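Each chain, letter by letter, is given below.
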Amino acid sequence: MASQSPDELTLAELRRYSLAQLEELYAQPRPVTVPRGHYQGTHLQWLDTKGARHRLLWPVVDLLFRRTPFGVDFENERWFFFRRGLGMGRFSTQVGPSRWRDTETLRLTYDRSRLPWPIRHLLYDEVKPLSDSLCLGLGGINAESGRGEYFYFALHRCD
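Since the model is a prediction, treat every value here as computed from it, not as a measurement.

Rules of the game
Starting from 1, residues in each chain are numbered consecutively following that chain's sequence as written. Restriction of local features to residues with pLDDT of at least 70 applies here, the model being predicted, together with a cutoff of 80 or more for giving and counting side-chain atom pairs; totals for whole chains, interfaces and linings are based on all residues. Just so you know, side-chain values use all the structure's heavy atoms and leave hydrogens and water out. Secondary structure counts use DSSP, requiring at least four H or I residues in a row for a helix and at least two E residues in a row for a strand, with both numbered from the N terminus. Any residue under 20% of the maximum accessible area for its type is buried, any over 50% is exposed, and the rest in between are partly exposed; the area is computed with a 1.4 Å probe on protein chains only. Should any heavy atoms of two residues lie within 4.5 Å, those residues are counted as being in contact. With residues, only the protein chains shown are counted as cover, and all accessible areas are computed by Shrake-Rupley using a 1.4 Å probe. An arc is given here, and it is the one of the directions from the helix axis to the C-beta atoms.

(A) View of the overall build of the chain. Counting its regular elements, the chain contains four helices and nine strands. Counting from the amino terminus, the chain carries its helices and strands in the arrangement α-α-β-α-β-β-β-β-β-α-β-β-β. Buried positions account for 47% of the 159 residues belonging to the chain. Summarising the internal contacts of the chain: among those between residues at least 6 apart in sequence, 53% fall at separations of at least 24. Roughly 8,200 Å² of accessible area belongs to the chain as shown, and the carbon and sulfur atoms make up 52% of that amount.

Here it is, written out as structure tokens:
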């Protein structure tokens, strides 16, 4: 299992983690604060949940978060695709209990986004900072455990 301190993990090491190791790492209690800066995203592992297997949403999520370069700009509170200047998906951050796991996390909600209401209402993500340069996230939709969470992703500081 995850034996290395999260503060010492590199992106390359995190990419080699099994789903069980990612689950263990995400659940570990640790201080949760809002990261600063810009982070490049990396898809890590799909979850075996009803939501992640949704035949209509899965192809869209796969295209956007496994096949397309993405990232998070915590300074301006928005997701971006390809490069920071293509920001969209404005979010608000709140430290609190995870919707999907028994841990404290950083919750990203999209009520303030200019995306169409059905899309912004559907979006929800969580981020667990591991160090000043690396975060572990759960990507998904605004739904309960077992249906809302789709995949683990890493965010690596790029500025």
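(B) Representation of the environment of Leu 47 in the model. Along the chain, Leu 47 turns up in the loop between β1 (38-46) and α3 (57-67). The spacing of Leu 47 and Leu 19 is 28 residues in sequence and 7.8 Å in space, taken between C-alpha atoms.

(C) Inspection of helix α2 (residues 19-27) at higher detail. Gln 21, Leu 22, Leu 25 and Tyr 26 are the residues of α2 that are buried. Each buried residue of α2 sits inside an arc of 130 degrees when the element is viewed along its axis, so together they form one side. Each element contacted by the buried residues of α2 is listed here: α1 (11-15), β1, β6 (104-109), β7 (123-129), β8 (134-141) and β9 (149-157).

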